[in-house]
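# Reading the structure
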Amino acid sequence: MTTKVLIVEDDLLNRMFYEAVFKQRGYELMLVEDGARVLDAVDDFAPDLITMDIHLPHISGRKLIKEIKRNPRTQDIPILAITAYAGKSDEEGIRRAGAGGYLSKPLSIDQLLNEVDTLLERQRVH
């Protein structure tokens with residue numbers, strides 16, 4: 001079964017980077033650039049993992065993470081927050097919102113794939 005990843009990112013170059021990395025792994029992808037479309041995308045696509053930018057148009061990624069984690073149908077989907085916010089308090093707040101992983105930009109392919117592997121493995125063990 002193919003791993004499904006929902007990529008939430010408003011920056012075109014970042015979306016292209018994530019898309020290239022994940023396609024090489026054979027993941028099925030859905031890309032969303034606008035925070036207002038995220039919750040519908042989660043329901044429609046039923047991803048195995050979500051990568052979530054925090055600074056998005058219309059709604060913050062942190063609020064979206066909280067909404068996803070509040071919904072019994074989506075609360076178990078692992079979320080990797082990827083953000084330019086790199087402060088310790090930023091990471092703590094994002095993790096409190098429900099993100100299982102956190103990476104600050106800029107990031108490397110190895111960082112991204114290691115964190116994705118960790119989250120997916122944790123989900124399989126659950």
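Residues numbered from 1 in each chain as written. Predicted model: local features only at pLDDT ≥ 70, side-chain atom pairs only at ≥ 80, totals over all residues. Heavy atoms only, no water.

On to the pairing of strand E1 (residues 4-8). Extensive coverage of E1 is indicated by the burial of five of its five residues. Side chains Lys4, Leu6 and Val8 project from E1 onto one buried face, and the interleaved Val5 and Ile7 project onto a second face that is buried too. Direction of pairing for E1 relative to strand E2 (residues 28-32): parallel, over a ladder of five bridges. By the bridge assignment for E2, Val8 is matched with Val32. This β-α-β element, E1 to helix H1 (residues 12-24) to E2, shows right-handed connectivity. In this structure, E1 lies alongside strand E3 (residues 49-53), joined through four bridges in parallel fashion. (Buried < 20%, exposed > 50% of the residue type's maximum accessible area, 1.4 Å probe, protein only. Helix = DSSP H or I, 4+ residues; strand = E, 2+ residues; numbered from the N terminus. Pairing = 2+ DSSP bridges. Right-handed = clockwise from strand over helix to strand, strands pointing away.)

In this structure the tally under the stated criterion is nine salt bridges. A salt bridge links Glu91 to Arg95, with the nearest nitrogen and oxygen atoms 3.0 Å apart. Placement of both Glu91 and Arg95 in helix H4 (residues 88-97) is noted, with a separation of four residues, approximately one turn of the helix. Residue Arg95 is classed as partly exposed on the basis of its relative accessible area of 35%. Look at the salt bridges and you will find they share partners, linking Glu9, Asp53 and Lys105 into a network. (Salt bridge = Lys/Arg side-chain N within 4 Å of Asp/Glu carboxyl O.)

This next bit is on the environment of Glu67. For Glu67, the position within the fold is in helix H3 (residues 61-70). Residue Glu67 is classed as partly exposed on the basis of its relative accessible area of 36%. Sequence separation between Glu67 and Ala84 is 17 residues, and the spatial gap between their C-alpha atoms is 21 Å.

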